[in-house]
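# Chains, contacts and geometry: an overview
Here are the chains, one letter per residue:
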Amino acid sequence: MQSRSPIRKCVGCGARRDKIELLRVVNNKGDILVDPGGRTPGRGAYLCPNMDCLDKAVEKDSLKKALKIEISDEIYEQISEEIKHD
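Below is a summary of the structure that appears in this document. The numbering scheme is per chain: residues are counted from 1 as the chain's sequence reads. Reporting of local features is limited, given that this is a predicted model, to residues whose pLDDT is at least 70; pairs of side-chain atoms are given and counted only at 80 or more, and all residues count toward the totals for whole chains, interfaces and linings. The side-chain figures draw on all heavy atoms in the structure; neither hydrogens nor water molecules are used.

### Things to note about the sheet that holds strand β4 (residues 31-35)
Sheet strands pair by backbone hydrogen bonding; their relative direction is either parallel or antiparallel. Should DSSP find at least two bridges between two strands, the strands are taken to pair. For the purposes of this entry, the term helix denotes a DSSP run of H or I that reaches at least four residues, the term strand denotes a run of E that reaches at least two, and both are numbered from the N terminus. A sheet is described by the order of its strands in space; here three strands give the open sequence β4-β3-β5, paired in antiparallel fashion. Edge positions in the sheet fall to β4 and β5 (43-47), since each has one partner strand and no second. The sheet shows a mean angle of 25° between the axes of neighbouring strands, taken without regard to direction. Note that strand β3 (residues 23-28) and β4 share five bridges and pair antiparallel. Following the sheet pairing, Val 26 is matched in β4 by Leu 33. Simply put, an axis is a line fit to the C-alpha atoms, just over the touching stretch for a helix, and the angle between two N-to-C directions goes from 0 to 180 degrees.

Here it is in structure tokens:
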């Protein structure tokens, strides 16, 4: 029997996917980090690794709501670079 990873919801498009398929963004005591490994402690939010979902998350402020902190343009740029890197 094969074990599956937990299901998480993308804050951009709302799609439910395996945790390993999504990009995790973490609020770790006020520091916003991109966590591709999914291991950093803190409050996490998940995004599909494509620019459409990032754009939707920015438009709806859903990343800000999920992490319960203000998100700067630099953080959005870091997330964008991580998506492009994959």
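### Details of the environment of Asp 61
Mapped onto the elements, Asp 61 comes out in the loop between α1 (51-60) and α2 (62-67). Each C-alpha atom, one on Asp 61 and one on Val 34, is 17 Å from the other, the two residues being 27 residues apart in sequence.

### Here we look at a positive patch on the surface
A cluster of basic residues, Lys 9, Arg 16, Lys 56, Lys 60 and Lys 65, forms a positive patch on the protein surface. Among the secondary structure elements, Lys 9 is positioned in strand β1 (residues 7-9). Patch membership requires over 30% relative accessible area and the absence of a salt bridge. Like charges are linked within 9 Å, and nonpolar side chains (Val, Leu, Ile, Met, Phe, Trp, Tyr) within 5 Å. Each accessible area is a Shrake-Rupley estimate made with a 1.4 Å probe; only the visible protein chains count as cover when residues are assessed. Criterion for a salt bridge: a side-chain nitrogen of Lys or Arg within 4 Å of a carboxyl oxygen of Asp or Glu. Counted as positive: Lys and Arg. Counted as negative: Asp and Glu, with His and the chain ends omitted from the count. Charged groups are reduced to one reference atom each: NZ for lysine, CZ for arginine, CG for aspartic acid, CD for glutamic acid.

### What about the environment of Arg 24?
Tracing the backbone shows Arg 24 in strand β3. Buried residues are those whose accessible area, probed at 1.4 Å on protein chains only, stays under 20% of the maximum for their type, while exposed residues exceed 50% and partly exposed ones sit between those limits. Judged by relative accessible area, which is 9%, Arg 24 ranks as buried. Residues Arg 24 and Leu 63, spaced 39 residues apart in sequence, show a C-alpha to C-alpha distance of 11 Å. We call two residues in contact when some of their heavy atoms are within 4.5 Å. When neighbours within four sequence positions are excluded, Arg 24 is seen to be in contact with Leu 33, Val 34, Asp 35, Gly 38, Arg 39, Thr 40, Gly 42, Arg 43, Gly 44, Ala 45 and Tyr 46.

### Describing the state of the cysteines
Pairs of cysteine sulfur atoms within 2.5 Å are identified as disulfides in what follows. Across all of its chains, the model carries zero disulfides by this definition. Take Cys 10: it sits in no disulfide, and the sulfur closest to it among the cysteines is that of Cys 48, at 3.6 Å. Cys 48 gets classed as buried once you look at its relative accessible area, which sits at 2%.

### Brief notes about the packing of α1 against helix α3 (residues 73-85)
A pair of packed helices is characterised by two quantities: the angle between their axes and the separation of those axes. Interaxial distance between α1 and α3 falls to 10 Å at its minimum, and their mutual angle equals 165°. With respect to α3, the element α1 is oriented roughly antiparallel. The two elements α1 and α3 cross, and the hand of that crossing is right-handed. Side by side, α1 and α3 meet where Met 51, Leu 54 and Val 58 of the first sit next to Tyr 76, Ile 79, Ser 80 and Ile 83 of the second. Here the word oblique covers every angle except those under 35 degrees (roughly parallel), over 145 (roughly antiparallel) and from 65 to 115 (roughly perpendicular). Throughout, a crossing is termed right-handed when the near helix is turned clockwise from the far one, and left-handed when it is turned anticlockwise from it by less than a right angle.

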